[in-house]
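Observations on the three-dimensional arrangement
Residue-level listing of the chains:
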Amino acid sequence: MREWSSFDTISKGKGIWLIDAKGNKIIDAVGSMWCNVWGHSNPQLIKAITKQSKQIQHSSLFNLTNEPVERLAKNLIKISPGMNKVFYSDNGSSAMEIAIKMALQYWKNIGDTKKTQIATIENGYHGDTFGAMSVGYVPEFFGKFKKQLFSTIQFPVPNEYRLPKGFSLSDYQNHCLEKIEKRFSKNNDIAAFIMESGAQMAGGVIIYPKGFQKKISELCKKYNILFVLDEIATGFGRLGSMVQYQDQKSIPDIVAYGKMLTGGYLTMAATLANKKIYDSFSGDFNDWKHLFHGHTYTGNPIAAAVANENLQMYEKHNLIKKVQKTSKIFENYSQEILDIDIVGDVRHKGMLMGIELVSNKKRKTPIRTKKSINKVFFEEGKKQGIYLRTLGNIVMLVPPLSIQENELELLIKKTIKTIQIAKSKTF
Ligand SMILES: Cc1ncc(COP(=O)(O)O)c(C=O)c1O
């Protein structure tokens with residue numbers, strides 16, 4: 001993209017601040033792509049990395065194991081009700097590819113050849129690799145590859161701000177669920193239902209209405225369909241609970257974690273499965289039931305060591321309670337943000353806020369800008385001392401989870417100022 005001809009070089013980080021090579025400081029309003037937990041340069045996390053890097057830096061999980069990954073698997077199982085085993089990878093997209101392969105192969109392993117379809121909800125996002133793009137189809141991102149993606153069965157999602165005419169939220173939620181049940185009850189061909197847990201992030205900060213996810217999990221049980229959750233962006237406290245599916249009362253068969261797993265310091269992801277799934281993969285070598293999947297850096301011990309330290313710190317500092325308390329600040333500013341004449345809707349849950357920008361509040365027309373919206377907000381945000389990234393017409397606030405109350409207030413005030421100034425750049 002020509003409008004991004006040069007980039008600022010970030011050379012340091014301290015707490016919620018990113019510091020560039022010239023010494024300018026900006027608040028990391030997107031938690032370095034939604035993964036930062038404790039802010040930058042946290043001494044305990046650095047210590048865990050340093051300590052492990054003096055032992056073994058990387059050793060494959062093919063035929064071998066290492067102490068940090070074994071410990072991490074136990075820790076992850078402990079916090080994840082219903083889950084039994086952990087499969088490691090090194091990024092969220094891969095964790096979702098693994099989830100898809102596990103779900104499809106499960107049915108083959110148990111001798112069911114009919115269940116080959118995957119059901120999803122519209123606007124979901126699960127990563128940028130081909131399987132992940134197929135199940136998380138966002139038309140603007142992936143339209144150019146449509147022909148190469150495998151087809152899925154997509155259902156609508158209730159978005160309170162953009163309900164079809166004549167529907168209340170609960171009517172529309174019921175309508176979506178009825179559509180799902182109607183399709184589930186036909187053909188017996190669906191292997192798995194895959195969705196983000198709690199909210200859609202990249203698809204526009206769409207926070208599910210109460211009971212939506214739970215009801216889908218119940219329908220999956222009723223019609224013998226695997227329920228697969230993506231908690232890569234929404235788990236680990238982002239929405240105010242450690243494991244979002246517990247909050248949603250919807251235990252999956254398979255769940256994927258990533259992003260905040262290592263506190264946002266190193267690249268690691270995990271796909272967890274229940275016993276039923278795991279058992280279907282065990283057999284004699286000649287049964288060929290094993291999962292053919294493994295990456296070079298699967299189960300990297302340094303990443304696992306920092307993930308273990310991160311998890312310990314969640315407990316030690318009671319982080320989830322703290323997120324619940326600090327995030328109330330979002331509520332205090334919601335109305336003030338909504339009063340800005342280019343803001344159509346403000347949505348928040350836990351340490352996440354989405355601000356939807358419109359050019360006409362009544363018609364809810366998404367705003368347009370001369371340059372890309374992302375560029376306008378990046379530049380104006382930088383002048384205010386914040387690193388902002390928009391997704392389409394939505395300004396997202398996804399700061400480090402441990403942000404202090406006064407820091408969050410500062411971030412929100414700077415965001416309000418940025419939106420007010422950016423107003424003049426829209427048309
Ligand atoms: C819900 C969700 N799933 C999967 C991914 C993909 O993760 P990664 O970027 O680590 O591949 C993302 C990334 O933003 C995400 O938000």
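Everything in this summary refers to the structure shown in the same document. All values derive from a computational prediction rather than experimental measurement. (Residues numbered from 1 in each chain as written. Predicted model: local features only at pLDDT ≥ 70, side-chain atom pairs only at ≥ 80, totals over all residues. Heavy atoms only, no water.)

1. Some thoughts on the overall build of the protein chain
Tallying secondary structure elements over the protein chain gives 15 helices and 18 strands in all. The principal-axis extent of the C-alpha atoms belonging to the protein chain is close to 65 × 60 × 40 Å. Residue pairs in contact within the protein chain that sit at least 24 positions apart in sequence constitute 71% of those at least 6 positions apart. By element, 52% of the accessible surface of the protein chain is carried by carbon and sulfur atoms, the whole surface being about 19700 Å². Put simply, the protein chain has 59 plus and 39 minus side-chain charges, and the middle of one group is 3 Å from the middle of the other. (Helix = DSSP H or I, 4+ residues; strand = E, 2+ residues; numbered from the N terminus. Contact = heavy atoms within 4.5 Å. Areas by Shrake-Rupley, 256 points an atom, 1.4 Å probe, with all protein chains shown as cover. Lys, Arg positive; Asp, Glu negative; His and termini not counted. Charge placed at Lys NZ, Arg CZ, Asp CG, Glu CD.)

2. Some words on helix H12 (residues 319–326)
Burial in H12 covers these residues: Leu319, Ile320, Val323 and Thr326. Looking straight down H12, one finds its buried side chains confined to an arc of 130°; they lie on one side. H12 presents Lys321 and Lys325 as exposed residues on the side facing more than 90 degrees away from its buried surface. Looking at the packing, one finds that the buried side of H12 touches helix H11 (301–316), helix H13 (328–338) and helix H15 (405–422). (Buried < 20%, exposed > 50% of the residue type's maximum accessible area, 1.4 Å probe, protein only. Arc of directions from axis to C-beta.)

3. So, the side chain of glutamine 200
Along the chain, glutamine 200 turns up in strand E8 (residues 199–200). On the basis of relative accessibility, which here comes to 0%, the residue glutamine 200 falls in the buried class. A distance of 2.8 Å separates a polar side-chain atom of glutamine 200 from the backbone oxygen of glutamate 122. The contact partners of glutamine 200, leaving out residues within four places of it in the chain, are Ile121, Glu122, Asn123, Gly124, Val157, Val205, Ile206 and Tyr208. (Polar contact = N/O pair within 3.5 Å; in protein donor to acceptor, adjacent residues only side chain to side chain.)

4. What to know about the pattern of salt bridges
With the rule as written, the count across this model stands at 14 salt bridges. Its salt-bridge partner being glutamate 356, residue arginine 162 comes within 2.7 Å of it at the nearest N-O pair. Here arginine 162, found in the loop between strand E6 (153–155) and helix H7 (169–184), pairs with glutamate 356, found in strand E14 (residues 353–360); they are 194 residues apart in sequence, far enough to count as distant. The salt bridge involving aspartate 189 is made with arginine 183; its shortest N-O contact spans 2.9 Å. By relative accessible area, aspartate 189 is classed as buried at 13%. (Salt bridge = Lys/Arg side-chain N within 4 Å of Asp/Glu carboxyl O.)

5. Describing the site of the ligand
If you check the shell around the ligand, you find Trp34, Asn91, Gly92, Ser93, Tyr125, His126, Gly127, Glu196, Asp230, Ile232, Ala233 and Lys259 and nothing else. Compared with its free state, where it exposes 400 Å², the ligand has 83% of that area covered by protein. Grouping the amino acids of the shell around the ligand by side-chain chemistry returns 4 nonpolar, 5 polar and 3 charged. (Near = heavy atom within 4 Å. Nonpolar A, V, L, I, M, F, W, Y, C, P; charged D, E, K, R; others polar.)

6. Things to note about the sheet that holds strand E16 (residues 386–387)
Pairing is mixed in the open sheet, where 4 strands are placed in the order E1-E2-E3-E16. Here the strands that pair on one side only, and so sit at the sheet edges, are strand E1 (10–14) and E16. Relative to strand E3 (residues 25–28), strand E2 (residues 17–20) is paired through 3 bridges, and the arrangement is antiparallel. Its bridge partner being in E3, leucine 18 is matched across the sheet by isoleucine 26. (Pairing = 2+ DSSP bridges.)

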